[in-house]
Number of protein chains: 2
Amino acid sequence: MNISTKFPVAVHTLILLSVSPPGTATSEMIASSVNTNPVVIRRITGMLGRAGLVEARAGVAGARLRKPLADITLLEVYQAVNGMGEGELFAVHDSPNPNCEVGRNIQAAMNPIFIAAQRALEQVLEQTTVADVAGDISQLEGIQLPDFFAVTHS
Amino acid sequence: MNISTKFPVAVHTLILLSVSPPGTATSEMIASSVNTNPVVIRRITGMLGRAGLVEARAGVAGARLRKPLADITLLEVYQAVNGMGEGELFAVHDSPNPNCEVGRNIQAAMNPIFIAAQRALEQVLEQTTVADVAGDISQLEGIQLPDFFAVTHS
DNA sequence: CTATGTGAAACCATTCTAGTTACACGGTCA
DNA sequence: TGACCGTGTAACTAGAATGGTTTCACATAG
């Protein structure tokens, strides 16, 4: 299977938070841009909040960024919503036969590779910030960042 | 979620095929080492067969390797059983709002990162062969490779 | 011809994802 | 204060994927 959409949705959300006037980016407004349900967005902002990336107080509209986008790497976002321990990206078949030389060692033999592969993936994510993604979007639009405030959410 | 156990099971299977006398490594015997059902093993050898890594004729016991383990990278095994196109490791949230500057560009902006991250993971897998894993196992056992034939499957 | 083992289909329990409804509670503002 | 929003959270749902299991047709070896 593939890695859940929570990751791109979280990035999408962070960018909207950064370009929206304070108090504007409600979960409902973000949901209309992402094309999903407001509760899905709140679940994600909740995870981003527990990771210290945003601050959302119950009752007050719209979450606030706790860091500028340039200080948030994609890895932080990925880990906030996907929470994977070291090497846990890959599943292992449990309880292989301990009476077999291969069975009793296969996990120990493959584990370093799982860790290295996962780390390689994470290092790529670490080298890009959410601000880079936002910059790419503004380039794709051929507009300046301030114009982002003219967001239409029908 | 994490990447399915089919990958480590496939590696496990290939190693058993290589260390077992011809006609010995039936799906049932492999299943007893992996600790699963023989049909699960046959599904995997089927995928390995379609990828050209093994040859299994219906009716004759045990699949045969079509290449030495040293010529099979972990990436080949991974792709044989996990079949992911470029960038497909990451899921995207579909149909974001085209009326929003962020929504209509988020996918294009994130796609290169998805591709780069997946490729980084795959490159790690490409640098290791199944023979390397088998070698690690024999090191862990502190034995020589020929002794692998003394496999006990109770 | 019989034993055995593979390939494949069908079915099931479990788990995860994402969507949805519902509701209590915090804040804001009239 | 009290009405109104919006958040946080729980609970439920549909759908998909994984891994296990049974069953059976068929190929092959002896």
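See above for the structure.
Worth saying up front: this structure is predicted, and the values here are computed from it rather than measured.

Sorry if this is basic, but what is going on with the relation of the copies chain A and chain B here?
Copies of the same chain, two in number, are related to each other by a rotation about an axis and a translation along it. After a rotation of 180° and a shift along the axis of 0.0 Å, chain A superposes on chain B with an RMSD of 0.1 Å. Such a turn and shift between the copies fits a two-fold axis. Comparing interface residues between copies, 100% of those in chain A also lie at the interface in chain B; the contact surface is shared.

Before we go on, may I ask you to explain the protein's contact with DNA strand D in this structure?
If you check the shell around DNA strand D, you find 26 residues, and the closest are S27 and R42 of chain A together with T5, T36 and R43 of chain B. The contact atoms of DNA strand D, taken as those within 4 Å of the protein, divide so that sugar and phosphate hold 57%. Between a phosphate oxygen of DNA strand D and a main-chain N or O atom of G62 of chain A, the distance comes to 3.3 Å. Every element with two or more residues in the surface near DNA strand D is listed here: α3 (38–50) of chain A together with α3 (38–50) of chain B. Residue contributions to the surface near DNA strand D peak at five residues, all from α3 of chain A. Of the residues in the surface near DNA strand D, the class split is nine nonpolar, 10 polar and seven charged.

Honestly, the side chain of S138 of chain B in this entry has me stumped. Any pointers?
Examined against the element boundaries, S138 of chain B turns out to sit in helix α6 (residues 130–141). A polar contact of 3.0 Å, which involves the side chain of S138 of chain B, links it to the backbone oxygen of G135 of chain B.

Each value, and the rule that gives it
Residues numbered from 1 in each chain as written. Chains lettered and ligands numbered in written order. Predicted model: local features only at pLDDT ≥ 70, side-chain atom pairs only at ≥ 80, totals over all residues. Heavy atoms only, no water. Least-squares fit on C-alpha atoms with pLDDT ≥ 70 in both. Contact = heavy atoms within 4.5 Å. Near = heavy atom within 4 Å. Polar contact = N/O pair within 3.5 Å; in protein donor to acceptor, adjacent residues only side chain to side chain. Helix = DSSP H or I, 4+ residues; strand = E, 2+ residues; numbered from the N terminus. Nonpolar A, V, L, I, M, F, W, Y, C, P; charged D, E, K, R; others polar.

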